[in-house]
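The primary structure of each chain is shown beneath.
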Amino acid sequence: MIDDELAFIDEDVTVAGQEPAIGWKVIVADDEPNVHDVTQLALVDFRFDGRPLTFIHAHSAAEAFAAAESNPDTAVLLLDVVMESEHAGLELVRRIREELCNSTLRIVLRTGQPGAAPEADVIARYDINDYKEKTELTAGKLSTLMYACLRGYRDIMTIERSKRGLERIIDASQRIFRLQSIEEFTEAVLDELAALLAIHGHEPAGGIQALTATGTVGKLTVLASTSHFEHLRGLPIDGALPPETAERIDACHKAAYSAHFGDEYVGVFKARAGADKILYLRGYQPRSELDRQQLDIFARNIGVSFENIQLKEAIEDAQREIIYRLGGVVETRSKETANHVRRVAKISRLLARAAGMTEREALIFEYASPMHDIGKVGIPDAILNKPGKLTPEEWAIMQTHAYVGYDILKGSDHEILQTAAIIALEHHEKWDGGGYPFNKRGHEISLHGRITAIADVFDALASERCYKAAWPMDKVLKLFRDEQGKHFDPHLVDLMFDLLDDIIAIRDEYHD
């Protein structure tokens with residue numbers, strides 16, 4: 001049939017070596033077959049923005065509704081008013097606008113019986129974009145009509161894509177601003193970037209190709225990537241990417257400037273101190289200045305988020321260092337070593353993760369743990385460093401350091417110090433109730449207190465001090481088995497034995 005022959009004309013004409021342009025979808029809904037033939041023949045050579053037309057033929061209102069439902073990206077509907085019934089076309093308009101909620105489709109009513117649907121009444125009551133009598137639609141006027149409809153559709157879709165793109169950027173920014181670490185940030189950037197490009201209607205074959213790198217000028221290392229660059233993680237940019245690409249990235253990095261290079265994009269996020277971040281994107285060619293601008297906005301928001309995370313991590317690093325140093329001062333005063341608190345902190349985090357704490361909870365634990373003996377600042381030197389056995393009265397005073405430490409820390413609003421207060425108060429409690437200061441037993445003792453008890457005693461026994469040699473490991477382990485269910489939580493002791501190699505590695509890494 002002539003429809004079958006003509007349907008392929010606008011699809012097959014391509015330049016050698018190029019993919020055919022994606023056509024603007026046009027639904028022709030009419031119960032007269034010759035209307036389909038004439039419409040397609042009149043527009044066979046039509047192009048708008050370099051793209052041809054792709055016709056979808058429907059011979060009834062039901063077929064047209066199904067076509068619109070399955071092709072929501074259709075640009076134009078050329079619709080006959082009278083098909084199955086006198087007002088089938090008008091009812092279809094209502095269903096498309098209300099049931100499909102499609103307000104972007106440009107609908108042109110074409111009627112051979114204008115008296116059946118008066119123009120003024122139809123335009124007033126129905127959401128259509130134009131009204132034409134079939135007799136007035138010459139080939140030239142039909143072409144003019146298509147230009148007008150497609151310009152309107154293109155501009156509406158540009159606005160809609162802009163709106164959705166900006167909404168995506170806002171949502172992405174909110175998510176990224178909530179992230180706690182550079183690692184989470186990097187993965188989220190790639191996820192949100194893929195979503196943004198999908199909104200722009202441009203998804204490269206095989207998916208987005210992107211990577212992030214970190215470092216100083218000339219010394220960038222791939223931090224994270226999409227699957228295409230997976231094999232480059234951990235490698236230096238120089239040598240991992242083609243020389244011309246590495247040179248572009250280096251030039252942008254030196255100039256602190258983000259730029260587009262054809263289908264490549266380099267985003268540069270300078271750090272006030274420490275390592276910079278680079279976003280490299282390949283295979284995305286912005287279709288419009290709007291697409292380019294939205295990518296730049298997204299990149300600028302990433303830069304702000306990156307700087308905020310860096311500042312947050314710098315503050316946390318400073319807080320952690322202060323806590324370690326303060327804990328070290330307390331330990332030094334009682335003739336311990338500063339590295340004792342670091343080892344206890346690392347072992348505590350390891351056991352916390354094994355015991356079921358989240359990574360964030362375990363990290364807070366690690367930061368808080370060095371303060372476990374902060375209450376010793378309130379113990380007189382004569383008791384704290386007495387070489388011999390303490391008298392009952394002196395021992396009673398020594399035990400008060402648990403509550404003194406809690407009293408020092410409990411008033412803080414910060415999670416780290418709140419956790420440290422609990423640790424200071426409970427790390428000398430025992431599983432069987434024989435500890436101090438409140439003789440708590442079993443699960444009455446917080447998990448923080450039970451874990452710190454193991455980490456503190458293990459390191460105290462297994463490490464050398466100025467006043468004693470380190471115990472042999474078999475002797476240390478025997479004590480823990482003997483005290484399992486007495487001094488220590490029996491389950492945590494089992495976890496300690498499971499993690500023994502890692503615990504010993506911590507002791508060796510932070511040796512005195």
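Coordinates for the structure precede this section.
Anyway, here's the lowdown on the structure attached to this text.

Given two aromatic rings, one states the distance between the centres and the angle between the planes to describe the pair. Counted according to the given criterion, the structure contains ten aromatic pairs. For the pair F46 and Y147, a centre-to-centre distance of 4.7 Å together with 50° between the ring planes defines the contact as tilted. With F46 in the loop between α3 (33-42) and β2 (53-58) and Y147 in helix α7 (residues 139-177), this residue pair connects regions lying 101 residues apart in the sequence. Its relative accessible area of 5% is what places F46 among the buried residues. Relative to Y280, the ring of F229 lies with its centre 6.2 Å away and its plane at 55°, an arrangement referred to as tilted. Of this pair, F229 sits in the loop between β7 (219-225) and α9 (237-240) while Y280 is found in strand β10 (residues 276-282), placing the two residues 51 residues apart along the sequence. Judged by relative accessible area, F229 falls into the buried class, the value being 3%. Three or more aromatic residues joined by ring pairs form one cluster here, namely W24, F46, F48, Y147 and Y153. Over the ring of F65 we find R95; its NZ or CZ atom is 3.7 Å from the centre of that ring.

Moving on: the packing of helix α4 (residues 61-70) against helix α5 (residues 88-98). Running from N to C, α4 and α5 point in directions that differ by 20°, and their axes come no closer than 10 Å. Judged by the inter-axis angle, α4 sits roughly parallel to α5. Remark: the crossing between α4 and α5 carries right-handed chirality. Contacts between α4 and α5 pair A61, A64, F65 and A68 from the former with A88, L92, R95 and I96 from the latter. Looking at the contact of α4 with α5, its residues break down into seven nonpolar, no polar and one charged.

If you walk across this open sheet you meet the five strands as β7-β6-β10-β9-β8, and the pairing is antiparallel. With one partner strand each, in any of the chains shown, β7 and β8 (259-261) form the two edges of the open sheet. In this sheet, neighbouring strand axes are inclined to one another by 25° on average, regardless of whether the strands run parallel or antiparallel. This element, helix α10 (residues 243-255), spans β6 (209-216), β7, β8, β9 (264-269) and β10 of the sheet and lies at about 35° to β9.

All of the buried residues in α4 are A61, A64, F65, A67 and A68. Down the axis of α4, the sector holding all buried residues measures 160°, keeping them to one side. Turned more than 90 degrees away from the buried face of α4, the exposed residues are E69 and S70. Looking at the buried residues of α4, the elements they touch are β1 (24-29), β2 and α5.

What counts, and at which threshold
Residues numbered from 1 in each chain as written. Predicted model: local features only at pLDDT ≥ 70, side-chain atom pairs only at ≥ 80, totals over all residues. Heavy atoms only, no water. Phe/Tyr/Trp six-rings, centres within 6.5 Å; stacked < 30°, edge-to-face > 60°. Helix = DSSP H or I, 4+ residues; strand = E, 2+ residues; numbered from the N terminus. Buried < 20%, exposed > 50% of the residue type's maximum accessible area, 1.4 Å probe, protein only. Lys NZ or Arg CZ within 6 Å of the ring centre and 35° of its normal. Axes fitted to C-alpha atoms, helices over the stretch in contact; angles between N-to-C directions. Parallel < 35°, antiparallel > 145°, perpendicular 65-115°, else oblique. Left-handed = near helix turned anticlockwise from the far one by under 90°. Contact = heavy atoms within 4.5 Å. Nonpolar A, V, L, I, M, F, W, Y, C, P; charged D, E, K, R; others polar. Pairing = 2+ DSSP bridges. Arc of directions from axis to C-beta.

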